[in-house]
Number of protein chains: 2
Amino acid sequence: MSPYTRLEAAFARAAILNETLGVLHWDTETMMPKGAIAGRSDQLATLEEMSHEIIAAPRVGEMLAEAEEGAAGLTEWQAANLREMRRAHVRAVAIPADLLVAATKANAVCQHVWQEARPANDFAAVKPHLAEVIRLQRAVGAALGASLDLSPYDALLDQYDPGARQDSIDALFAPLRAALPELIRAVVEKQRAAPAPEPLPKPFPVAAQQALCRMLLDTIGFDFDHGRLDVSAHPFSGGSFGDIRVTTRYSEDVLFPALFATIHEGGHALYEQGRPAAWRHQPVGLAKGMAVHESQSMIIEWQAGKSAEFLGFLFPKIREAFGGDGPAWSDGNLMALARRVEPGLIRVDADELTYPAHILVRFGIERALIAGELAVDDLPAAFNEAVAGLLGVTVPDDRRGCLQDIHWHGGAYGYFPMYLVGAMTAAQLFAAAVEADPALRPALAEGDFRPLVAWLRTHIHSRGSAVDRETLVCDATGAPTGADRFLTHLRARYLDS
Amino acid sequence: MSPYTRLEAAFARAAILNETLGVLHWDTETMMPKGAIAGRSDQLATLEEMSHEIIAAPRVGEMLAEAEEGAAGLTEWQAANLREMRRAHVRAVAIPADLLVAATKANAVCQHVWQEARPANDFAAVKPHLAEVIRLQRAVGAALGASLDLSPYDALLDQYDPGARQDSIDALFAPLRAALPELIRAVVEKQRAAPAPEPLPKPFPVAAQQALCRMLLDTIGFDFDHGRLDVSAHPFSGGSFGDIRVTTRYSEDVLFPALFATIHEGGHALYEQGRPAAWRHQPVGLAKGMAVHESQSMIIEWQAGKSAEFLGFLFPKIREAFGGDGPAWSDGNLMALARRVEPGLIRVDADELTYPAHILVRFGIERALIAGELAVDDLPAAFNEAVAGLLGVTVPDDRRGCLQDIHWHGGAYGYFPMYLVGAMTAAQLFAAAVEADPALRPALAEGDFRPLVAWLRTHIHSRGSAVDRETLVCDATGAPTGADRFLTHLRARYLDS
């Protein structure tokens, strides 16, 4: 066996451990009995450790050097795979083992404390744990950065989106920062000028919501022969290649959240189901970072899912599912409800127009936390001030402020900006897809996602991690990622329509 | 760290991989989408290989030798653990890696073919695969036997029940072989003399069966905080320590099978939930073989579950669950149905009295297959002849003959006898428990399993694998495993009552 072939075998083993971790994580959130958490934590920690050991092994470093010497004989995908292997190995050895263990443990403890502290609105309880998490993530960022010649925050960003840097993301977000406040004001004003939409009569029985969600996944092309739909406290898409498990959550008091969460996670799932099977156990077969992943969920949820065409298909199904009749259930009223814009407190409840502000708040704060420019003591005040400045709303308590998201408490710094890069990328990809295929929008009106998904399969899914995100976006859309298409989309949908 | 402590760390890692395999196996049978089987097979094979590598490592052999030299300083449980480690290591290195891979693969292929061949009644389709499975199991038995100084079949038996030998099992079964034909004849005659029981009116709605099954698990002391109840094609108890997952299957045409399958698997689960948590990741913390495991399911299902006391508690619950009223639902009629004895074709449907004959058929045939005294070509005829001789019924087709069970097609030789050793052990344990605690039987009449389970916790569960099966049984009952208590039980329940 050549050094490259031996590397493939080693990485395949690590990939299979990671797939298994995917199944275990899904099980933890959906099926596992409460009392089993201690044993499950042992399983997760051990499998993660074994996967890390494989990739960080000195022998892998030697094989990489040998394979890189003989790289001339590799195919394009093999060469890309070798690059991704090198990247994984460098990152795995950059973080000292004891730091990794300490960080993983601190994240788990803080996340656990946070789960009680959030509903209790108790920032003081979480504060010392959060300080420790940040201290260790700063150390992780420093260790990675020393290896990669990056600042700590850039090194953390690069984990979630290879190649992403604070400065380039700042530049990407600048036009939104400039244009959105005025755009939001104009849309809210336009909405106020029209009669307020009539609320739908509750309750929305869970069984009917479930049936609709299954229908929606079928509609977007989710393959139930290689996936499932279940319920969890927070919607996610997980499992493993060829076995993608999507979750949502139902409340009988609200209708749209479960439906849109389902197709959002379904968009992630299509990306998982659509990458090349031949590379399923190799680094080059993985998703190209979280920004691209989020673009795949956002293109399904926001771009296609909230298009006038698709909503025209969806609304009769909704009336049918709930026996809806009368003015509240009219297309016009449902449209007004589904596209309501309103600056609010909660990121995950935000609409397309105000969502970016939630990310800008977090992007600014988390880099200051990692840079040591903001102390944990001052986090709530800084968070509330940023929300007031960017969204114009007053945060009444930390539960609806800096305690609302799991990310920081679980050690994820550099993750939040990817949501917005993903949303912007989605707008750009959708515009390119619609331009390339005039049949795409009319098909959505028939509940037919095949033209859109076919375009995504060709331009995104099938490429795995063979090229970097900017090449992927440039090849697919003819331009690097920018804010234009996103702003054009928001204006067209919310102001001009 | 001492060599012993380092061994504990290595074996804990293997145990955590095995726990993870337990979760994956459960998922495969209950939740996994059909199309995910290829990926799942990779996961199972890789984790099994990694667990095997850990235990078979030459370094583990060296550490064992060092630890055995210093064994004087170990506690009783540590010393027992060291013995179990040695046993696992010797077995892991005895089978050449390529033989293990070939056997695992052949088992999977044959089992897959069997799944279609059984309903199609197509022995010819499965035959070449079965021949290969037997050839490889014979080789596995020979390799193990060479290491352990045992015949191939004894080496296979020893895998499932450490210390079990063909001759000792023969001796154990001899009194049953002698006494059962006449006993069955007498019971069937006694039944014929009474009016035939009235069949219960179908259907039995699944929801009501499910609620009853959950109630039954609660009743026997199953801990839903550390376990689940689900549905699978074949009932099993699986998962991992602290997270025991029981399955059953429902048919609206029959009532008792789902209920008794549930408490049977629940009995296995109590054994899993009741072993010492401190040793959960060590070999000494494991169950003491399949015969003891089966004794724990049989004591709950047959000994306690079909006792007059517990049935008296159960029947009103059954009437309540299905709104049963009238003579078919009377205690007397339900008792006659629940305890019907009738020689039949299917092992898993057999009653307490005819079940042993099904095992004797298989025990005789599988040892002949492994010894090379019976060719696969001749298996159906030999099977049918043995059934006719021992049960007095004619096998009409292979579907209800040698194709009915998965075991042989999945490579399990030496497993079948454990079911009967388990049933006999259960009778002996139950008799000892009832003698030790006069409150035990009256408690069952109240649906209170606590006295029985407390006795099992003390005498069986808490001992893990610290002593061998015979010591376990002798300590608990004052006598080695024998047939007396089982025959006494059958006579008392079916002839004298």
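Each value, and the rule that gives it
Residues numbered from 1 in each chain as written. Chains lettered and ligands numbered in written order. Predicted model: local features only at pLDDT ≥ 70, side-chain atom pairs only at ≥ 80, totals over all residues. Helix = DSSP H or I, 4+ residues; strand = E, 2+ residues; numbered from the N terminus. Rg over C-alpha atoms; globule rule 2.2 N^0.38 Å. Contact = placed C-beta atoms within 7 Å. Pairing = 2+ DSSP bridges. Axes fitted to C-alpha atoms, helices over the stretch in contact; angles between N-to-C directions. Least-squares fit on C-alpha atoms with pLDDT ≥ 70 in both. Domains from an automatic or database assignment. Nonpolar A, V, L, I, M, F, W, Y, C, P; charged D, E, K, R; others polar. Buried ≥ 20, exposed ≤ 12 C-beta atoms within 10 Å, placed from the backbone. Parallel < 35°, antiparallel > 145°, perpendicular 65-115°, else oblique. Left-handed = near helix turned anticlockwise from the far one by under 90°.

**A closer look at the overall build of chain A**
Looking only at helices and strands, chain A features 20 helices and 3 strands. The globule rule puts the C-alpha radius of gyration for 497 residues at 23 Å, and the 23 Å found for chain A is close to it. Once the C-alpha set of chain A is aligned to its principal axes, its extents read approximately 70 × 50 × 45 Å. Residue pairs in contact within chain A that sit at least 24 positions apart in sequence constitute 73% of those at least 6 positions apart.

**Considering the sheet that holds strand E1 (residues 227-231) of chain B**
Residues and elements named next belong to chain B. The 3 strands are arranged E1-E3-E2 in an open sheet whose pairing can be described as mixed. At either end of the open sheet lies a strand with only one pairing partner, and these are E1 and strand E2 (237-240). Taken pair by pair, the neighbouring strands of this sheet meet at an average axis angle of 25°, ignoring direction. Here 4 bridges tie E2 to strand E3 (residues 243-248), and the two strands are oriented antiparallel to one another. Across the sheet, residue Ser240 finds its bridge partner in E3, namely Asp243. On top of the sheet, helix H10 (residues 256-274) reaches E1, E2 and E3; it is set at about 165° to E3, its chief contact.

**Remarks on the relation of the copies chain A and chain B**
Overlaying chain A with chain B gives an RMSD of 0.0 Å, the required rotation being 180° about an axis along which the chain moves by 0.0 Å. Such a combination of rotation and displacement between the chain copies is what one expects of a two-fold axis.

**Considerations on the domain arrangement of chain A**
Residues and elements named next belong to chain A. The domain architecture assigned to chain A consists of domain 1 (3-151) and domain 2 (152-497). Inter-centroid distance (C-alpha atoms) of domain 1 to domain 2 is 26 Å. The interface of domain 1 with domain 2 comprises 43 residues on the first partner and 38 residues on the second. Mapped by element, the contributors of at least two residues to the side of domain 1 that touches domain 2 are helix H1 (3-30), helix H4 (76-94), helix H5 (97-120) and helix H6 (123-148). Ranked by the residues each element gives to the side of domain 1 that touches domain 2, the list is headed by H6, at 14 residues. Looking at side-chain class alone, the side of domain 1 that touches domain 2 contains 25 nonpolar, 11 polar and 7 charged residues.

**With respect to the interface of chain A and chain B**
At the interface, 28 residues of chain A touch 28 residues of chain B. Elements that contribute at least two residues to the side of chain A that touches chain B include exactly H1, helix H2 (37-56) and strand E1 (227-231) of chain A. Counting residues per element, the side of chain A that touches chain B draws most heavily on H1 of chain A, which supplies 7 residues.

**Digging into the sheet that holds strand E3 (residues 243-248) of chain A**
Residues and elements named next belong to chain A. The strand order across the open sheet formed by 3 strands is E1-E3-E2, and the pairing between neighbours is mixed. Single-partner strands in this sheet number two, and they are E1 and strand E2 (237-240). Direction aside, neighbouring strands of the sheet carry axes that sit 25° apart on average. With respect to the sheet, helix H10 (residues 256-274) is in contact with E1, E2 and E3, its orientation differing from that of E3 by roughly 165°.

**Focus: the environment of Arg6 of chain B**
Residues and elements named next belong to chain B. Looking at the element boundaries, Arg6 is found in helix H1 (residues 3-30). Remark: the alpha-carbon pair of Arg6 and Val113, spanning 107 residues in sequence, is separated by 43 Å. If near-sequence neighbours (up to four positions away) are discounted, Arg6 is found in contact with Met1 and Met63.

**Quick word on the environment of Pro283 of chain A**
Residues and elements named next belong to chain A. Residue position: Pro283 is located in the loop between H10 and helix H11 (289-304). Each C-alpha atom of the pair Pro283 and Ser465 lies 7.3 Å from the other, and the pair is 182 residues apart in sequence. Pro283 has contacts with Phe11, Asn81, Glu84, Met85, Ala88 and Ser465, leaving out every residue within four places of it along the chain.

**With respect to the pairing of E2 of chain B**
Side chains of E2 of chain B alternate between two faces, with Ser237 and Gly239 of chain B and Gly238 and Ser240 of chain B buried alike. Taking the residues that link successive antiparallel strands as the turn, the E2 of chain B-E3 of chain B hairpin has 2 residues, and the phi of Gly242 of chain B there is positive, at about 80°.

**Structural notes on the packing of helix H11 (residues 289-304) of chain B against helix H16 (residues 416-436) of chain B**
Residue and element names in this part refer to chain B. Across the interface, H11 lies against H16 with an axial gap of 7 Å and an inter-helix angle of 60°. Overall, the two elements H11 and H16 adopt an arrangement that is oblique. Considering only the axes of H11 and H16, their crossing is right-handed. Every residue of H16 that contacts H11 at Met290, Ala291, Val292, His293, Glu294, Ser295, Met298, Ile299, Trp302 and Gln303 is listed here: Met418, Tyr419, Val421, Gly422, Ala423, Thr425, Ala426, Ala427, Leu429 and Phe430. Of the residues belonging to the contact of H11 with H16, the class tally is 14 nonpolar, 5 polar and 1 charged.

**Quick notes on the environment of Leu259 of chain A**
All names here are of chain A. One can find Leu259 in helix H10. Residue classification places Leu259 among the buried positions, given that 25 C-beta atoms sit within 10 Å. Distance in space between the C-alpha atoms of Leu259 and Gln209 is 7.5 Å, their sequence separation being 50 residues. Dropping the residues within four chain positions of it, Leu259 is found in contact with Leu212, Cys213 and Leu216.

**Some thoughts on helix H7 (residues 152-160) of chain A**
By the criterion of burial, H7 of chain A is predominantly enclosed, with 8 of the 9 residues buried. All buried positions along H7 of chain A are accounted for by Pro152, Tyr153, Asp154, Ala155, Leu156, Leu157, Asp158 and Tyr160 of chain A.

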